[in-house]
Amino acid sequence: MFSTIAPLVRLNPFHAPQLELHQNSCGPRKRLVESEEVSCTRRSLAAASAEEEYSCEYGSLKFYALCGFGGILSCGLTHTAVVPLDLVKCRIQENSYLWRTSLYLAASASAEFFADIALSPMEAAKVRIQTQPGYANTLRQAVPKMFAEEGIWAFYKGVAPLWMRQIPYTMMKFACFERTVEALYKYVVPKPRSECSKAEQLVVTFVAGYIGVWKGLFARIIMIGTLTALQWFIYDSVKVYFKLPRPPPPEMPDSLKKKLGLTE
C-alpha cells in the first residue's frame with residue numbers, strides 16, 4: 001500500500017512547497033547576478049579597448065610632447081601657406097603713407113556705420129517725441145510705447161537715412177582734421193610736434209578742428225566749426241590729462257623715399 005501512495009505524493013502539486021518556493025525565488029536573483037557579471041565583463045572589455053587606442057597616459061610627458069609637436073606642425077604649415085599674403089601685407093603697409101587719406105576715410109566711415117546702429121534707437125525716440133505732440137514726454141515713456149506698437153523695427157526704420165547723412169559728414173570731418181593737423185605742423189608750426197608743449201598741441205588741435213569744416217559750409221560754419229573744434233579739443237585734453245602716449249605724426253618711410261627717389 002505504501003508503495004502505491006509514494007508516487008501519488010510525489011505527483012501532488014503541494015509536494016515540498018518550501019523547496020519549490022526557494023528554488024523559484026532564486027531564479028530571478030541568479031539571472032540578475034549573471035546579467036551583472038556580463039555587463040561588468042563588457043565594461044572591462046571596453047576599458048581595455050580604450051586603453052589600447054591611446055598611445056600614452058593623459059598628462060604624461062609624452063602626452064605634452066605630442067601636443068607640442070601637433071602645435072608646431074599646425075602653425076608651421078599654416079604660416080608657410082600664408083607667407084605670400086604676409087609679403088603683400090608688408091608691401092601695402094610700406095605704401096600706407098601714400099594712402100593715408102583713404103585710410104582716414106575708410107576708418108571714419110566704418111566707425112560711423114556702427115555708431116549709428118547704436119544711435120538709431122535714441123534718434124527714433126527723439127524724432128517721435130518732437131514730431132508727435134502728446135505721444136510721450138520722456139525717453140522712458142517713448143521707448144516702451146514704440147516697442148509695444150511696432151516692435152524692434154520701430155527703432156531702426158530711419159537708420160538708412162541716418163547713414164546717408166552721418167557717414168559722409170564723419171568721413172570729411174576726420175579726413176580733413178588729420179590732413180589739416182599734418183599741414184599745420186608742416187607749414188605753420190615752426191617746430192616738430194615732439195618739441196611742442198601740451199598747450200601748444202591743444203591749440204593746433206583746436207585750430208585744425210575749426211579749419212577742417214570751413215570750406216563749403218559757410219551757412220553753418222559758426223555752429224559746426226565751433227562744435228567740431230570743441231569736440232577735438234575736449235578729446236585731446238582727456239588724452240593729455242591721462243598722459244596717454246601720443247602716436248608720432250605720419251612720416252614717409254625711408255624705404256618709400258628711396259623707392260620714389262626722394263633720397264640719395
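Refer to the preceding data block for the structure.
This one's a predicted model, so the numbers in the text were calculated from it and none came from an experiment.

Notes on the overall build of the chain
Item 1. The helix and strand inventory of the chain stands at 10 helices and 0 strands.
Item 2. Counting helices and strands in the order they occur from the N terminus, the chain gives α-α-α-α-α-α-α-α-α-α.
Item 3. Here the chain, with 264 residues, has 20% of them falling under the buried criterion.
Item 4. Considering only contacts in the chain between residues 6 or more positions apart, those separated by 24 or more positions represent 58%.
Item 5. When the accessible surface of the chain is summed, it comes to about 20,000 Å², and 67% of that surface belongs to carbon and sulfur atoms.

So, a nonpolar patch on the surface
Item 1. A cluster of nonpolar side chains, contributed by V203, F206, V207, I211, L230, F233, I234, V238, Y241, F242 and L244, occupies part of the molecular surface with about 1,000 Å² of accessible area.
Item 2. For the nonpolar patch, the elements supplying multiple residues, two or more each, are α8 (198-211) and α9 (221-241).
Item 3. By residue number, the principal contributor to the nonpolar patch is α9, which donates 5 residues.
Item 4. With respect to the helices, strands and loops of the structure, F242 is situated in the loop between α9 and α10 (254-260).

Considerations on the packing of helix α5 (residues 100-131) against helix α6 (residues 139-150)
Item 1. For the pair α5 and α6, the least separation of the axes is 10 Å and the interaxial angle reads 100 degrees. Relative to α6, the element α5 lies roughly perpendicular. Residues M122, A124, A125, R128 and I129 of α5 form the contact with α6, whose own contacting residues are L139, A142, V143, M146, E149 and E150.
Item 2. Across the contact of α5 with α6, the residue classes tally to 8 nonpolar, no polar and 3 charged.

Analysis parameters
Residues numbered from 1 in each chain as written. Predicted model: local features only at pLDDT ≥ 70, side-chain atom pairs only at ≥ 80, totals over all residues. Heavy atoms only, no water. Helix = DSSP H or I, 4+ residues; strand = E, 2+ residues; numbered from the N terminus. Buried < 20%, exposed > 50% of the residue type's maximum accessible area, 1.4 Å probe, protein only. Contact = heavy atoms within 4.5 Å. Areas by Shrake-Rupley, 256 points an atom, 1.4 Å probe, with all protein chains shown as cover. Patch = residues over 30% accessible without salt bridge, like charges linked within 9 Å, V, L, I, M, F, W, Y side chains within 5 Å. Salt bridge = Lys/Arg side-chain N within 4 Å of Asp/Glu carboxyl O. Axes fitted to C-alpha atoms, helices over the stretch in contact; angles between N-to-C directions. Parallel < 35°, antiparallel > 145°, perpendicular 65-115°, else oblique. Nonpolar A, V, L, I, M, F, W, Y, C, P; charged D, E, K, R; others polar.

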